[in-house]
Amino acid sequence: MKLARTLLQTPRIVGVGLAASIVGVGGLGVMGCFVEGEGLPPPVEGLYYPTGLAVSLGGRVLYVANSDFDLQFNGGTVQALDLQRLRRRALTLQSALAPGGPNASAGVRGACNNVGLATNAASSLYPGPCGPLDISALEGDDEVVRSSAVIGAFASNLLLVHRPLSGEGADPGAERQARLFVPVRGDPSVTFFDVADDRSDGAGAQRCDGDACFQLDCGASAAGGRCSRDHRIGEDPGQELIRRKLPLEPFGIAAGPGGTSIVVSHQTESAASVIVNRWEANERPQLAHVLTDLAFGPTEVAAVPRPGVLGALQQGGWAIDDQPAFAVTYLAAPELGLLRYQDAASGGAPRLYESTPTPITALASGTDSRGIAFDASERQACEDGCAGAAECLERCVEIPIPVYVAHRGPNSLLIGELTTTLVKKDSDVPAAKRASVFYSIAFHDAAPLGAYPSRIEVGEVIDLEGARRRRVFALAFDSGLAFSYDPEARRVDAVIKTGRGPQALAFDTGSTRSDDADKKRCETEQGSADCEPYSLMYIAHFTDSYLGVVDLDMRKANTFGTMILTVGTPVPPRESQ
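Here the structure is a predicted model, which means the values were calculated and not measured. Note on numbering: residues in each chain are counted from 1, in written sequence order. Per-residue local features of the predicted model are confined to residues with pLDDT of at least 70, and side-chain atom pairs are confined, for both listing and counting, to 80 or more; whole-chain, interface and lining totals are unaffected and use all residues. With hydrogens and water stripped out, all remaining heavy atoms of the structure feed into the side-chain values.

(A) Spatial organisation of the overall build of the protein chain. In terms of regular secondary structure, the protein chain is built from five helices and 32 strands. Summarising the internal contacts of the protein chain: among those between residues at least 6 apart in sequence, 61% fall at separations of at least 24. Counting every atom, the protein chain has about 22300 Å² of accessible surface; 49% of that belongs to carbon and sulfur. To qualify as a helix, a DSSP run of H or I must reach at least 4 residues; to qualify as a strand, a run of E must reach at least 2; elements of each kind are numbered from the N terminus. We call two residues in contact whenever any of their non-hydrogen atoms come within 4.5 Å of each other. Note on areas: Shrake-Rupley with a 1.4 Å probe; residue coverage comes only from the protein chains shown.

Below is the structure:
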């Protein structure tokens, strides 16, 4: 039988009967058996132990990975949800709950009725004013689950990447492409999907329409079927060499520039692997190299932001000596790892190698780090104003990039900076002009968080003036909380009550037409008189298998920082029912 361990990212589930069979899930956990094809098919219209979320760049789709954690079925699922329809309900409910809203006189009951929901009769199971939205019962224009596919058990994450439309590595005449990568621990594999690219062009026209926006192409023989083996990277029976086998426990995942290099961490193997993702026609992603002998327990991975000046220099005839960098957190080492990827263009076979790690000394212990995120928004804004001018872009390199790490020894949000150094070797001989970059990270502060923080992401709230403001959001699985950290004020400015087991998060932020019943995104995100900004956060609740929608609009005093909509019917673990 194939062996699969329980989710290492997830701390112990406290207060439910399932805890007896999930002992020590923050460490190495217990082991279970997974045999593909045996047992009942998983529920493709509902959620079942969700562990990964991603929002499409065009705002049409919310992708969800479900893990089949208790092995009640013969696999997990990946689903494409209609985000536009979910957004319409959430924003309509947000408006109805506001003082002076259309149903203000009817109170919470009237607000819930306004979107076809009852009031919340089980607040101990899930927060929020209304009962859950039963997505498995929705049909026609109300249908939310637009497509699905079956994968192996124990999906641990989810990553969405796009072929570049402009800038370095872009092919102006190439077809738009997007892919979804899901680390699956029960195989083990990284299962990939070809999905729709719903980004808008300059005129606002989307590149997909209707059902085409929700495709999940993984070689399944029928809609809602099981993904084929040739879409499981690292499990290909033709790849017999040890270096071509994916190690056990694929967990963290991140993409390098242009989505051409995908790095995956492997928790119990002290290893990381790299997948080469070529966008050319008929090219499948391939496992290229496995780097071993890392510190124990590599967990989350984040791509180090690459400076835009490299593309401008390359266009100016400079040779670029740069390997994409990835930061890695560890369970049992007081350091932040730094990996570099050398592609085939640099000579030799594609490979990963380890660069100098950053010691974590800002806290007493320094061990047990989990989620990690960079915030390159300030540098990106600088680069956007350079119009491609190399001298201007060089000045942007000097802007340090904040880095945030969820840490458990003690429970904190570690705060540091990434410094990028550009080194140029100029010459009168064009062939000798070379440029390279070096990265260094240092931690200088920490903000206390609740018990056992895990995943973190950088998102945006809408402030009292209607402007977007950056926030760092950290989930704490055991305590059922999400923390919002304000990097400007340098403090936690909101503590959000979630349901049990918050495991993953994603953001839907933009602006919608106020007169549009479907709350479609505006063709231009800002600046139009009839466009209204909004920001919603989706949280995957692992323990009770549903999604929570959190309002991130500070102008809505009644609902800001609270879960306003429950998506999917919460179902407690079988042992606790």
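(B) Structural context of the nonpolar core. By nonpolar core we mean a set of buried residues, namely Ala, Val, Leu, Ile, Met, Phe, Trp, Tyr and Cys, connected to one another through side-chain atoms within 4.5 Å. Summary of the burial criterion: residues with accessible area below 20% of their type's maximum are buried, those above 50% are exposed, and those between are partly exposed, where the area comes from a 1.4 Å probe applied to protein chains only. The biggest cluster of nonpolar side chains holds 34 residues, and the ones touching the most others in it are Leu53, Leu62, Leu81, Leu86, Tyr538, Leu547 and Leu565. Listed by contribution, the elements that provide at least two residues to this core are β3 (50-55), β4 (61-66), α1 (83-97), α2 (107-113), β29 (502-513), β30 (531-541), β31 (546-551) and β32 (563-567). A total of seven residues in this core trace back to one element, the largest contributor, which is α1. For Leu81, the residues in contact, after removing those within four places along its chain, are Arg60, Val61, Leu62, Val64, Leu86, Val144, Val145, Phe214 and Leu547. By size, the runner-up hydrophobic cluster in this structure holds 32 residues, among which are Ala302, Val397, Leu418 and Ile441.

(C) Local environment of the side chain of Arg163. Here Arg163 shows up in the loop between β7 (159-162) and β8 (178-184). Within polar-contact distance, the side chain of Arg163 engages the side chain of Gln177 at 2.6 Å. We call two N or O atoms a polar contact when they sit within 3.5 Å, provided that within protein one can donate a hydrogen and the other can accept it, with sequence-adjacent residues counted only if both atoms are side-chain atoms.

(D) Structural detail: the pattern of salt bridges. When a carboxyl oxygen of Asp or Glu is within 4 Å of a side-chain nitrogen of Lys or Arg, the pair counts as a salt bridge. A complete count under the given rule lists 24 salt bridges for this structure. Where Arg179 meets Asp194, a salt bridge forms, and the shortest distance between an N and an O atom there is 2.8 Å. Of this pair, Arg179 sits in strand β8 while Asp194 sits in strand β9 (residues 189-195), and the two are 15 residues apart along the sequence. The class for Arg179 is buried, based on a relative accessible area of 5%.

(E) Region of interest: the environment of Ala178. Relative to the helices and strands, Ala178 is located in strand β8. Judged by relative accessible area, which is 2%, Ala178 ranks as buried. Separated by 16 residues in the primary sequence, Ala178 and His162 have C-alpha atoms spaced 4.3 Å apart. Once residues within four sequence positions are removed from consideration, Ala178 is found in contact with Leu160, Val161, His162, Phe193, Asp194, Val195, Ala196, Asp197 and Trp279.

(F) Summary view of the state of the cysteines. Criterion for a disulfide: a pair of cysteine sulfur atoms at a distance within 2.5 Å. Summed over all chains, the structure comprises five disulfides. There is a disulfide in this structure between Cys112 and Cys130, and the S-S distance comes to 2.0 Å. As the torsion about the S-S bond is roughly -90°, the Cys112-Cys130 disulfide counts as left-handed. Of this pair, Cys112 sits in helix α2 while Cys130 sits in the loop between α2 and β6 (145-151), placing them 18 residues apart in sequence. Residue classification places Cys112 among the buried residues on the basis of a relative accessible area of 0%. We classify Cys130 as buried; its relative accessible area is 2%. In this model, Cys386 is linked to Cys392 through a disulfide, with the two sulfur atoms separated by 1.9 Å. The sign of the S-S torsion, about -65°, decides the handedness of the disulfide formed by Cys386 and Cys392: left-handed. The pair formed by Cys386 and Cys392 is uniform in burial state, with each residue classed as buried.

(G) How the structure looks around unusual backbone geometry. Backbone torsion omega between Asp187 and Pro188 reads -10°, so that peptide bond is classified as cis. Tracing the backbone through its elements, the reader meets Pro188 in the loop between β8 and β9. Cis geometry is found at the peptide bond from Gly409 to Pro410, where omega equals 0°. Mapped onto the secondary structure, Pro410 falls in the loop between β22 (401-408) and β23 (411-425). Look at Tyr49: it is not a glycine, yet its phi comes out positive at around 50°. Under the relative-accessibility criterion, Tyr49 is labelled buried at 2%.

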